[in-house]
Amino acid sequence: MLTGIISILGGLIAASSYIVSKRADAKEYIDKLVPYQGWIGVVLLLWSLKNLLRLFSYFNTMTLLFGAIQFIVGFLLAYSLLTQYLFKNSEDALEKGQALRSKLLQYQIPAGIGLIVLGVLRLFNML
């Protein structure tokens, strides 16, 4: 249940520009989530690694999809915390992190929408 809720919240933050363009009144609610963006991203990043490691015990297409989308959204949302705590001592890690972020940014809105859908499915035990 917690996975579904965190996934929905992360998806809302990731797809926020699209959501606000469709419903301007959603901005005030999404702005309340933004202070927690980094920590939601860290949780999604860790859960994505758990889901991707789970693939070694059994292969499930939905687990792969859920893990990949969680990784994309988690990395993008947690990037500021990652640079602050992990990448700050290594210029090479900072460059590689920025390169990965640049590649993933184009998928932020579709991944956010996908994560909302998968989060709802997970919330109702349909996934």
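Here the structure is a predicted model, which means the values were calculated and not measured. (Residues numbered from 1 in each chain as written. Predicted model: local features only at pLDDT ≥ 70, side-chain atom pairs only at ≥ 80, totals over all residues. Heavy atoms only, no water.)

Peer 1: Any chance you could explain the overall build of the chain here in plain terms?
Peer 2: When you go through the chain residue by residue, the secondary structure sums to seven helices and zero strands. Taken from N to C terminus, the helices and strands of the chain fall in the order α-α-α-α-α-α-α. Relative to the compact-globule value of 14 Å for 127 residues, the chain shows a C-alpha radius of gyration of 15 Å, a close match. For the chain, the spread of C-alpha atoms along the principal axes amounts to about 45 × 45 × 25 Å. Out of the 127 residues in the chain, the part that is buried amounts to 39%. Computing the positive centroid from 11 side-chain charges and the negative centroid from 6, the chain places the two 10 Å apart. (Helix = DSSP H or I, 4+ residues; strand = E, 2+ residues; numbered from the N terminus. Rg over C-alpha atoms; globule rule 2.2 N^0.38 Å. Buried < 20%, exposed > 50% of the residue type's maximum accessible area, 1.4 Å probe, protein only. Lys, Arg positive; Asp, Glu negative; His and termini not counted. Charge placed at Lys NZ, Arg CZ, Asp CG, Glu CD.)

Peer 1: Is there a simple way to explain helix α1 (residues 2-14) in this structure?
Peer 2: Since one α-helical turn is 3.6 residues long, residues separated by three or four positions face the same way. With 13 residues, α1 should reach 18 Å at 1.5 Å per residue; the first-to-last C-alpha distance of 18 Å fits that figure. Residues of α1 that are buried include every one of Thr 3, Gly 4, Ile 6, Ser 7, Ile 8, Gly 10, Gly 11, Ile 13 and Ala 14, and no others. On its buried face, α1 is in contact with α2 (16-22), α3 (27-33), α4 (37-54), α5 (61-85) and α7 (108-123). (Expected span 1.5 Å × (residues − 1). Contact = heavy atoms within 4.5 Å.)

Peer 1: What should I look at first to understand unusual backbone geometry in this one?
Peer 2: With glycine set apart, most residues show a phi of negative sign, and most peptide bonds adopt trans. The residue Asn 125 is not glycine, and still its phi comes out positive at about 55°. Note that Asn 125 resides in the segment after α7. Classification of Asn 125 by relative accessible area gives exposed; the value is 68%.

Peer 1: How should I be thinking about a nonpolar patch on the surface in this particular structure?
Peer 2: A cluster of nonpolar side chains, contributed by Met 1, Leu 2 and Ile 5, occupies part of the molecular surface with about 330 Å² of accessible area. With respect to the helices, strands and loops of the structure, Ile 5 is situated in helix α1. (Patch = residues over 30% accessible without salt bridge, like charges linked within 9 Å, V, L, I, M, F, W, Y side chains within 5 Å. Areas by Shrake-Rupley, 256 points an atom, 1.4 Å probe, with all protein chains shown as cover. Salt bridge = Lys/Arg side-chain N within 4 Å of Asp/Glu carboxyl O.)

Peer 1: Please clarify how α4 should be interpreted in this entry.
Peer 2: In this model, α4 (18 residues) spans 25 Å end to end at C-alpha, consistent with the 26 Å of a helix rising 1.5 Å per residue. Three or more residues of α4 are buried, namely Gly 38, Ile 40, Gly 41, Leu 44, Leu 45, Trp 47, Ser 48 and Asn 51. Buried positions along α4 lie against α1, α5 and α7.

Peer 1: Looking at this structure, I do not really get the confidence of the model for the chain. What am I missing?
Peer 2: When pLDDT drops low, the exact placement of atoms in the prediction is not to be read closely. This prediction gives the chain a mean pLDDT of 92; 100% of its residues lie at or above 70. Within the chain, α7 carries the highest mean pLDDT (96), whereas helix α6 (residues 91-104) carries the lowest (91). (pLDDT = per-residue confidence, 0-100.)

Peer 1: Would you explain the environment of Tyr 79 in this entry?
Peer 2: For Tyr 79, the location among the structural elements is in helix α5. With 22 residues separating them along the chain, Tyr 79 and Arg 101 place their C-alpha atoms 7.8 Å apart. Side-chain polar atoms of Tyr 79 contact the side chain of Gln 98, separated by 3.0 Å. (Polar contact = N/O pair within 3.5 Å; in protein donor to acceptor, adjacent residues only side chain to side chain.)

Peer 1: What am I meant to see in the packing of aromatic side chains here?
Peer 2: For any pair of aromatic rings, the description consists of the separation of the ring centres together with the inter-plane angle of the planes. One pass over the structure, following the stated rule, counts three aromatic pairs. Judged by centre distance (6.3 Å) and plane angle (55°), the rings of Tyr 79 and Phe 87 are tilted. Summarising the burial analysis for this pair, Tyr 79 and Phe 87 share the class buried. Taken together, the aromatic side chains of Phe 71, Phe 75, Tyr 79 and Phe 87 make up a single cluster linked through ring pairs. (Phe/Tyr/Trp six-rings, centres within 6.5 Å; stacked < 30°, edge-to-face > 60°.)

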